[in-house]
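Here are the chains, one letter per residue:
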Amino acid sequence: MSDVIDQLCINTLRFLALDAVQKADSGHPGMPLGAAPMAYVLWTRWLKHNPADPHWFDRDRFVLSAGHGSALLYGLLHLSGYALGLEDLKQFRQWGSRTPGHPERGHTPGVEVTTGPLGQGIANAVGMAIAEAHLAACYNRDGHTPIDHHTYALVGDGDLMEGVSAEAASLAGHLRLGKLICLYDDNHVTLAAGTAISFSEDRLARFAAYGWHVQQVADGNDLAAIDAALQAAHADTARPSLIAVRTHIGYGSPEQDSFKAHGAPLSEDDVRRTKQALGWPLQPTFEIPDVALQTWRQALTRGRESQVAWDRDFAAYLAAQPQLGAELQRRIAGTLPAGWDDALPQFAADARGIATRVASGKVLNALAAKLPELFGGSADLDPSTKTALLGMGDFNPPADPGTDLQGSDKAGWSHAGRNLHFGVREHAMGAIANGMAAHGAMLPFTATFLIFSDYMRPPLRLAALMRLHALFVFTHDSLAVGEDGPTHEPVEQLANLRAVPGLVVIRPGDANESAEAWRTAVALRDQPVALVFTRQDLPVLDRTRYASAAGLRQGAYVLREATAGAPQLILIASGSEVHLIVAAAERLEAQGIATRCVSMPSWELFEAQPQAVRAAVLPPGVRARLAVEMGVAQGWSRYVGDAGAVLAVDRYGASAPAARLLQEYGFTVDHVCQRALALLGR
């Protein structure tokens, strides 16, 4: 291809982005102007994709981690032939358009993940690369490679400043994710100023220390050098790659190399001068020369040929490996196998009981035996969160003979293993799980203590925004953590999780509710789920006396009906506090007070029920209601109403044995009864 056509294609991309920003009078013109050449080389020479089928499974994944440069991505998608028209580009950042201010998964064809919060995209890309490596290790056999693709990310200075990118990059280097390639838009400028005011370390040395293959391209307009760097990155299959491409933000404009080009449209005069500098016509706007479009649209032919070849090879794979092939097909389709939940454990009534984290671990392992897509781990807390998949191996590269694994079994190290050791990296853990879920054919789970959900809030929010099926396990869920004290005793965290629109939070009250929680979480589609479990033992309720734990599926259910007549009082609780209200109800009933107990493990599932179901559980006519939960009272007013009350924890915990803490904070049968009687004016 001639240099003239190359430059025409690059400038077409640049000015589609610039015109979109100008028309919207909003956006980020600087990055598209500077990064267009590297994007052009990647998308026309290396990226394996089929614009006619954005969901083709063996496509390469491209993540625009620097999501503020969305106009660049929309130009790439349109020019390559995705179902994103020129009119969509002209509606950039407008109400109802398919070209929102930052890329949104499920909203725009070809957008793999929602990005914009910096650092999330590169961590998502790590998750995608993990998914590809794991699936390849599990399913590629005897020369058949149904899984063979790369993950690319375009990252900026802001991405590499964010701590989540450091966490994710460290893990990626350890895991030797050789099919992860990051192009670094090294333009030395951030939103507020040049990077010299805040970002002076040697980024390449840092990534080399992480175990990455690092390269530098001195001129972001040198297409041959960019191409050669990508070729070298492909050749190094043992390490992820970072290619630092020295670019110029706002290239060709009067604001080149200035922070002023980052996050605001150029002036009309500056747009004119930029087009003149790069030899682009002033009118019409959104100009796409025919030869440029023809060149870009070759992606359709290449993509169709690649997918046809893959389809042919996959048919041969199915013939050679029918069992593996059928399983892979099912996973790609996102369906569950018949009988997947038949072997879930049932727990016998037991007054002494079992911690719900322990019950969860038993259920998780029963599920893992039936669901090969169930894959994940914890932030260095498997012994505490009980989330190890027993006998399923560790996800790690084959160890070098000299690697010191501190007594671990080197033979057990493989990308086919299903236990991923995230290390103490909660933020990256959540974002990596999102990447795995977005990749497809995976059902990722993570685990840590509930208090550390604070570290995971950005990926939890993005999981909900993207409607990803990822499972987030949180244990050690209350004051009963005890001696570890207020730093480890969650108070506001349940309210924080429930505040995330689209995130389903489930806090089961005993072992059998824990089994139902997992059954519900796995069966949900297109929604992330937070599963919240106890550290301490809880009684396993006798389900011959109380309602079936299957009631959990509707979010709240009548666990114990009043026996002294029509209910005068409703006690409501989640999690460990359920057994407390049951004991209190027994005492109140002995005093002639008809008391209904409602287990409410999930507000979100309950709110999704028809009004008639909700009214049957919480009859409007019964206004004396007491909610009991070891967390802040925020939000409970919707269920207790103006005549009810909440026994909650609206201050921090303390360091002491759990029994003493529960007594001091009022989580006793005596205190529950006192609060209930006060509601009744007694």
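Since the structure is predicted, the reported quantities are computational estimates derived from the model, not experimental observations. (Residues numbered from 1 in each chain as written. Predicted model: local features only at pLDDT ≥ 70, side-chain atom pairs only at ≥ 80, totals over all residues. Heavy atoms only, no water.)

Q: Run through helix α16 (residues 426–439), naming residues and quoting values.
A: For α16, which comprises 14 residues, the first-to-last C-alpha distance of 20 Å matches the rise-based estimate of 20 Å (1.5 Å per residue) to within 8%. Burial within α16 is extensive, with 14 of its 14 residues counted as buried. (Helix = DSSP H or I, 4+ residues; strand = E, 2+ residues; numbered from the N terminus. Expected span 1.5 Å × (residues − 1). Buried < 20%, exposed > 50% of the residue type's maximum accessible area, 1.4 Å probe, protein only.)

Q: How would you explain unusual backbone geometry if you had to name every residue and give the values?
A: The omega torsion across Gln 283 and Pro 284 is -5 degrees, close enough to zero to call that bond cis. With respect to the helices and strands, Pro 284 occurs in the loop between α10 (268–277) and α11 (290–296). Phi is positive for His 476, close to 55 degrees, though the residue is something other than glycine. One can find His 476 in the loop between β11 (471–475) and α18 (493–498). What makes His 476 buried here is its relative accessible area of 5%. Positive phi, normally seen in glycine, also occurs at Asp 526, with a value near 60 degrees. Position of Asp 526 among the secondary structure elements: in the loop between α19 (511–523) and β13 (529–532).

Q: Tell me about α10, and name the residues and values.
A: Among all positions of α10, only Asp 270, Val 271, Thr 274 and Lys 275 are buried. Each buried residue of α10 sits inside an arc of 135 degrees when the element is viewed along its axis, so together they form one side. Looking one or two places after α10, you find Gly 279, whose phi comes out positive at around 70 degrees. (Arc of directions from axis to C-beta.)

Q: Could you give an account of the sheet that holds strand β5 (residues 241–246), naming the residues involved and the relevant values?
A: In spatial order, the strands read β1-β2-β3-β5-β4; together these five strands make up an open sheet with parallel pairing. Both outer strands of the open sheet, β1 (61–64) and β4 (213–217), are each paired with one neighbouring strand and no more. When the angles between neighbouring strand axes are averaged without regard to direction, this sheet yields 15 degrees. With four bridges connecting them, β1 and strand β2 (residues 151–156) associate as parallel partners. Within β2, the residue paired with Val 63 across the bridge is Ala 153. The strands that helix α9 (residues 223–235) touches are β2, β3 (180–186), β4 and β5; relative to β4, the one it contacts most, it runs at about 175 degrees. (Pairing = 2+ DSSP bridges. Axes fitted to C-alpha atoms, helices over the stretch in contact; angles between N-to-C directions. Contact = heavy atoms within 4.5 Å.)

Q: Mind laying out the sheet that holds strand β10 (residues 443–449), listing which residues take part and the relevant values?
A: Read across the sheet, five strands follow the order β7-β10-β11-β13-β12 without closing on themselves; strand pairing throughout is parallel. Each edge of the sheet is formed by a strand with only one pairing partner; in this case those strands are β7 (374–378) and β12 (504–506). When strand polarity is set aside, the average angle formed by the axes of neighbouring strands in this sheet is 20 degrees. Of the pairings in the sheet, the one linking β11 to β13 comprises four bridges and is parallel in character. When the bridges of β13 are listed, Phe 472 appears paired with Ala 530.

Q: So what's going on with the UniProt feature "binding site: Mg(2+)" (unreviewed entry) in the protein chain? Which residues, and what values?
A: Per the UniProt entry, the sites bearing "binding site: Mg(2+)" (unreviewed entry) are Asp 157, Asn 187 and Val 189 in this numbering. The named residues occupy 33 residues along the chain; their greatest pairwise C-alpha distance, 7.7 Å, places them in one compact cluster. Owing to a relative accessible area of 3%, Asp 157 belongs among the buried residues under this scheme. Beyond its immediate stretch of four places on either side in the chain, Asp 157 contacts Tyr 184, Asp 185, Asp 186, Asn 187, His 188, Val 189, Thr 190, Thr 195, Phe 199 and Arg 203. Inspection of the secondary structure assignment puts Asn 187 in the loop between β3 and α8 (203–210). Judged by relative accessible area, which is 6%, Asn 187 ranks as buried. Apart from the residues within four sequence positions on either side, Asn 187 is in contact with Asp 157, Arg 246, Thr 247, His 248 and Ile 249. (UniProt positions renumbered as here; feature names shortened; annotations may be inferred.)

Q: How would you sum up the packing of helix α1 (residues 3–24) against α10? Please name residues and give values.
A: Put simply, α1 and α10 touch, their axes get as near as 12 Å, and they point 170 degrees apart. The orientation of α1 relative to α10 falls into the category roughly antiparallel. Residues Phe 15, Leu 18, Asp 19 and Gln 22 of α1 form the contact with α10, whose own contacting residues are Glu 268, Val 271, Thr 274 and Lys 275. When its residues are assigned to classes, the contact of α1 with α10 shows three nonpolar, two polar and three charged. (Parallel < 35°, antiparallel > 145°, perpendicular 65-115°, else oblique. Nonpolar A, V, L, I, M, F, W, Y, C, P; charged D, E, K, R; others polar.)

Q: How would you explain the pattern of salt bridges if you had to name every residue and give the values?
A: One pass over the structure, following the stated rule, counts 32 salt bridges. With a shortest N-O distance of 3.5 Å, Arg 45 and Asp 6 are connected by a salt bridge. Taken as a pair, Arg 45 in helix α2 (residues 30–46) and Asp 6 in helix α1 lie far apart in primary sequence, 39 residues in all. With a shortest N-O distance of 3.8 Å, Arg 203 and Asp 186 are connected by a salt bridge. Note that Arg 203 is positioned in helix α8 and Asp 186 in strand β3, a separation of 17 residues in sequence. Accessibility assignment for this pair places Arg 203 and Asp 186 in one class, buried. Among the charged side chains, a salt-bridge network with shared partners connects Asp 477, Arg 498, Arg 507, Glu 577 and Glu 629. (Salt bridge = Lys/Arg side-chain N within 4 Å of Asp/Glu carboxyl O.)

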